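# Chains, contacts and geometry: an overview
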Amino acid sequence: MRRRVSFDGEFQGCFGCGRDNAAGLGLSFWETEQGVETTFVAPSYLQGAKGVLHGGIQAALADETMCMAAYAKLGAAVVTGELKMRYQRPAPVSVPLRIVAQIQKRDARSAFIDARISLDGEDEARTTATGRFFFVRSEAQRGRE
């Protein structure tokens, strides 16, 4: 299974995936059996060290992909509560990177999600991330509390 997944409505200005954010990353996501994935070719102006994608942009890529995993697999919008990054090998600019995310577990308030960044077509992780994401409650849900 591979289907395109995206937010509608209020998220169009999102830095990661919003269609209305000309300065954003412009990510498109695909749901798979395991989770969600995207590919991204970083322009050189997003480098930190020469030829290496800035670590903050890598964190944004992982965060966006993990949030979309919660939306695709659980039908829930989430906010990031905790994000832990592990930079294992340099992730280069100007080449396709693959970012994948999978839900590891959930409880009543949150989901625990992992992500990895690798070169597209390779299995070895350049960067890994883990995070806890809290479910966004609707106005109707908040009114019942």
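Refer to the structure presented above.
To start, this report covers the structure provided alongside it. (Residues numbered from 1 in each chain as written. Predicted model: local features only at pLDDT ≥ 70, side-chain atom pairs only at ≥ 80, totals over all residues. Heavy atoms only, no water.)

## Comments concerning the overall build of the chain
Along its length, the chain carries two helices and seven strands. Element order for the chain, N to C, with α for helix and β for strand: β-β-β-α-β-β-β-β-α. Here the C-alpha atoms of the chain give a radius of gyration of 15 Å, agreeing with the 15 Å that 2.2 N^0.38 yields for 145 residues. In terms of principal-axis extent, the alpha carbons of the chain reach across some 55 × 30 × 30 Å. Buried positions account for 40% of the 145 residues belonging to the chain. A separation of at least 24 residues holds for 62% of the contacts in the chain among residues at least 6 apart in sequence. Accessible area for the chain stands at about 8100 Å²; split by element, carbon and sulfur atoms hold 48% of it. The average position of the 19 basic charges and that of the 17 acidic charges among the side chains of the chain differ by 3 Å. (Helix = DSSP H or I, 4+ residues; strand = E, 2+ residues; numbered from the N terminus. Rg over C-alpha atoms; globule rule 2.2 N^0.38 Å. Buried < 20%, exposed > 50% of the residue type's maximum accessible area, 1.4 Å probe, protein only. Contact = heavy atoms within 4.5 Å. Areas by Shrake-Rupley, 256 points an atom, 1.4 Å probe, with all protein chains shown as cover. Lys, Arg positive; Asp, Glu negative; His and termini not counted. Charge placed at Lys NZ, Arg CZ, Asp CG, Glu CD.)

## Things to note about the sheet that holds strand S4 (residues 78-87)
Strands sit in the order S1-S2-S3-S5-S6-S7-S4 across an open sheet of seven strands; the sheet is antiparallel. A strand with exactly one partner marks an edge of an open sheet, and here the two such strands are strand S1 (2-5) and S4. Averaged over all pairs of adjacent strands, the angle between their axes in this sheet comes to 25°, without regard to strand direction. Note that strand S5 (residues 96-106) and strand S6 (residues 110-119) share nine bridges and pair antiparallel. Bridging across to S6, Ala101 finds its partner in Ala115. Contacting S1, strand S2 (29-32), strand S3 (36-41), S4, S5, S6 and strand S7 (125-135), helix H1 (residues 55-74) runs over the sheet at an angle of about 135° to S4. (Pairing = 2+ DSSP bridges. Axes fitted to C-alpha atoms, helices over the stretch in contact; angles between N-to-C directions.)

## Quick word on unusual backbone geometry
With the exception of glycine, most residues fall at negative phi, and the peptide bonds are largely trans. One non-glycine residue, Ser94, adopts positive backbone phi at about 70°. Its place among the elements puts Ser94 in the loop between S4 and S5.

## What about the pattern of salt bridges?
All told, the structure shown has six salt bridges when counted by the stated rule. Between Glu124 and Arg89 there is a salt bridge whose closest N-O contact spans 3.0 Å. With Glu124 in the loop between S6 and S7 and Arg89 in the loop between S4 and S5, the pair connects residues that are 35 residues apart, well separated along the chain. For Glu124, a relative accessible area of 45% puts it in the partly exposed group. (Salt bridge = Lys/Arg side-chain N within 4 Å of Asp/Glu carboxyl O.)

## Considering H1
Given a rise of 1.5 Å per residue, 20 residues ought to cover 28 Å, and the 28 Å separating the end C-alpha atoms of H1 matches this to within 8%. Among the 20 residues of H1, 15 are classified as buried, and the element is accordingly described as predominantly covered. Trailing H1 by a residue or two, Gly75 shows a phi angle of about 65°, which is positive. (Expected span 1.5 Å × (residues − 1).)

## Focus: the pairing of S6
Among the 10 residues that make up S6, seven are buried, leaving the element largely enclosed by the rest of the structure. Between the end of S5 and the start of S6, which pair antiparallel, lie three residues. The turn linking S6 back onto S7 is made up of five residues, and Gly121 within it adopts a positive phi angle of 95°.

## Overview of the packing of aromatic side chains
Following the criterion strictly, the structure yields zero aromatic pairs and no others. Over the face of the ring belonging to Phe112 we find Lys105, whose NZ or CZ atom lies 4.9 Å from the ring centre. (Phe/Tyr/Trp six-rings, centres within 6.5 Å; stacked < 30°, edge-to-face > 60°. Lys NZ or Arg CZ within 6 Å of the ring centre and 35° of its normal.)

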